[in-house]
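# Summary of the model geometry
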Amino acid sequence: MTRPLRASGTSRTLLRTATATAALSAVSVLACGIAPTAVADDTVRTVHQDGLGPNGPWLRLQETTPDREPGVQVVSPKPDPVHLNGSLRLSIAAGQQAQAAHYFNSTWTPEPMQPLLDAGVSYWAYTASEGSSVTNIGANLQFPASCGGFTTLSFEPGHNTDTQGAALEPDTWQKYRLTGESVMRTSRAVAGIPAGGDAPLSHFVTACEGAYGVIANIGRLGDPNGTLNTYVDNITAKGTTWDFAVTGRASAALTVPTEIKAGDGPRPADASYTDPADGPEYQGIGTRLTLKGPAGLKPDQLTVMSEGSTVPLTQQADGSLTGELRTNLRAGATMEPGGKAGAAFTLAAAEGAPTGRLDVTAELTVAVDGTDGPVRTGVSATDHSRITDADTGHGPSPSPTHPHHPKPSPPGGGHGNGNWGDGHGKGQGKGQGNWVGGHGNGQGKGNWGDSHGDGGTSGGGTSGGHSNGGTSGSHSNGGTSGGHSNGGTSGGHSNGGTGDSGTGGSHSSGGTGDSGTGGSHGNGGAPLPNGPVDAGGGSTALTGSGSGGLSGPGLAIGAAGLLAAVAAAVGGLRTARRRRG
């Protein structure tokens, strides 16, 4: 059958310029942003923007047909459905043409078409409604061929079906494969088919010597004011798939709790994604969560919550659990180049769940036009947690934004109920033991001293107690007496003051002290100072092993107490001398 010619856009000028440029194509494959990898039976070669131009391996319209006005011919961040890393955009306004051409060899020798078809010739195409005055036309895949003279044979999506048998559908990625039955349009009369006529490709396979290469092309539309906006990718011919791609790639980060206690409440976790400025677009994003835990872990023993809803988990053949998280965009309507996205969720293990290591992986997914369900991108991050029994005495695990740092304990020290430890608490802790002293705003008892806080008085045994404002035998905040000492050689803790009693010392809020071989432990401050050191200018300061050191008020109060103790000692010495005299 014959239809009027709609110009394919490739003129005889191509033959004049292609002979000179084909050699560039062959020698520049590895020099222009091409990164070959093997996929299935075809070699995949990635084409970045620097591989599209005068040095090839893909040539634009202005390199092959300089007498035509070129449209847009660029590598775009719009993701293809195969590699999700960008695509080739071909777009035209009124009177323009756009194309990208690749030639098989530098000798301008045509390749027989039947072996090309046997090896497979295919491509993906997308016609965008936005920017197009017509949407029943797509980007053509052409054979510049020798058919008794130079001829262009064009595969047009509007006259063929995709590999699923569907007609062209706008705003949808569709894969097309050229076969002997594919309808081709010829630019000149060939074997009884007039110029501009259509015939099955098999007709031209026998009538033509072969093809010089492949061209992705959009040409004149028949409407002087017509526009067309298309994308193509993964052009496959002669055993090579050409993947047009941007250079950047998104990255993922994941934070999960270090411990999940079985039967305990949910613990927070967070997945996040960052797309660099030179990365692809990601539309309809989501997160595929994979949890691989202890042997025997079942979906009903692990609960994932996201945005107030339970995430259904599916057990895979390898025993891992998977679920889909809704992912929020943190910049823009889609995760465009330079954007961010993320998914917050919680994890909880049921009582009786098997214990052990839990590996958690978050992978970015996208929605691709023309495909069903979320498509995995390979952009992922993995973190590790551990499911423990509810009665396991581990400390709290960190939240994603507030990591937990365990409080240090001196040798032999700890929390209460130990012969050489001491008690702690804020209004409730109690320690017992032979050399035990309490600290903080709580109570402590021991054979050699006791103390209590919050304005009380303290005394007992052979040591003074600690009092926040007390009056007897103890260090108070602002007093002049010796510091809190739980007797003998023990050291205590004072909320703000430092002092000296016996050989024990105390330090400011939240610190730790030493008692015999044990130590008292405060509410999260700096460790007990090791002793006075030269602070410069003839002064001394107490220093410890921690990074925080003592606060200014604590040093001032301690200095006052120390001066008072020195004054008392000097006074006692004078009295003794008078008595001897």
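Preceding this paragraph is the structure being described.
Let us look at the structure shown here. (Residues numbered from 1 in each chain as written. Predicted model: local features only at pLDDT ≥ 70, side-chain atom pairs only at ≥ 80, totals over all residues. Heavy atoms only, no water.)

## Concerning the overall build of the chain
Counting secondary structure elements, the chain contains five helices and 34 strands. With the model as given, the accessible surface of the chain reaches about 25,400 Å², and the carbon-plus-sulfur share is 51%. (Helix = DSSP H or I, 4+ residues; strand = E, 2+ residues; numbered from the N terminus. Areas by Shrake-Rupley, 256 points an atom, 1.4 Å probe, with all protein chains shown as cover.)

## Observations concerning the packing of aromatic side chains
Under the definition given, this model contains ten aromatic pairs. Between Tyr123 and Phe155, the ring centres sit 6.2 Å apart and the planes meet at 85 degrees, which makes this aromatic pair edge-to-face. Of this pair, Tyr123 sits in strand β7 (residues 122-127) while Phe155 sits in strand β9 (residues 150-155), and the two are 32 residues apart along the sequence. Across the pair, Phe155 and Tyr123 agree in class, each one buried. (Phe/Tyr/Trp six-rings, centres within 6.5 Å; stacked < 30°, edge-to-face > 60°. Buried < 20%, exposed > 50% of the residue type's maximum accessible area, 1.4 Å probe, protein only.)

## Quick look at the state of the cysteines
According to the stated counting rule, one finds one disulfide in the structure shown. Two residues, Cys147 and Cys208, share a disulfide whose sulfurs are 1.9 Å apart. Between Cys147 and Cys208, the S-S torsion sits near 100 degrees, and that sign places the bridge as right-handed. Of this pair, Cys147 sits in the loop between β8 (140-146) and β9 while Cys208 sits in the loop between α4 (201-207) and β13 (210-211), and the two are 61 residues apart along the sequence. In this pair, the class of Cys147 matches that of Cys208, namely buried. (Disulfide = S-S within 2.5 Å.)

## Side note on the environment of Ser154
Tracing the backbone shows Ser154 in strand β9. Considered as a pair, Ser154 and Asp198 are 44 residues apart in the sequence and their alpha carbons are 9.2 Å apart. Polar contacts involving the side chain of Ser154 include one to the side chain of Gln142, which spans 3.1 Å. (Polar contact = N/O pair within 3.5 Å; in protein donor to acceptor, adjacent residues only side chain to side chain.)

## Thoughts on the nonpolar core
Trp58, Phe143, Leu153, Leu178, Val232 and Ile235 are the most contacted members of the largest nonpolar core, which has 47 residues in total. Excluding its chain neighbours within four sequence positions, the residues that come into contact with Ile235 are Trp58, Ser122, Tyr123, Leu141, Val214, Ala216, Thr240, Thr241, Trp242 and Phe244. Residues Ile260, Ala269, Leu291 and Ile387 belong to the second largest nonpolar core, which totals 41 residues. (Core = buried A, V, L, I, M, F, W, Y, C linked by side-chain atoms within 4.5 Å. Contact = heavy atoms within 4.5 Å.)

## Quick notes on the side chain of Gln99
Examined against the element boundaries, Gln99 turns out to sit in strand β6 (residues 98-103). For Gln99, a relative accessible area of 0% gives the class buried. A distance of 3.0 Å separates the side chain of Gln99 from the side chain of Thr64, its partner in a polar contact. A distance of 3.0 Å separates the side chain of Gln99 from the side chain of Asn217, its partner in a polar contact.

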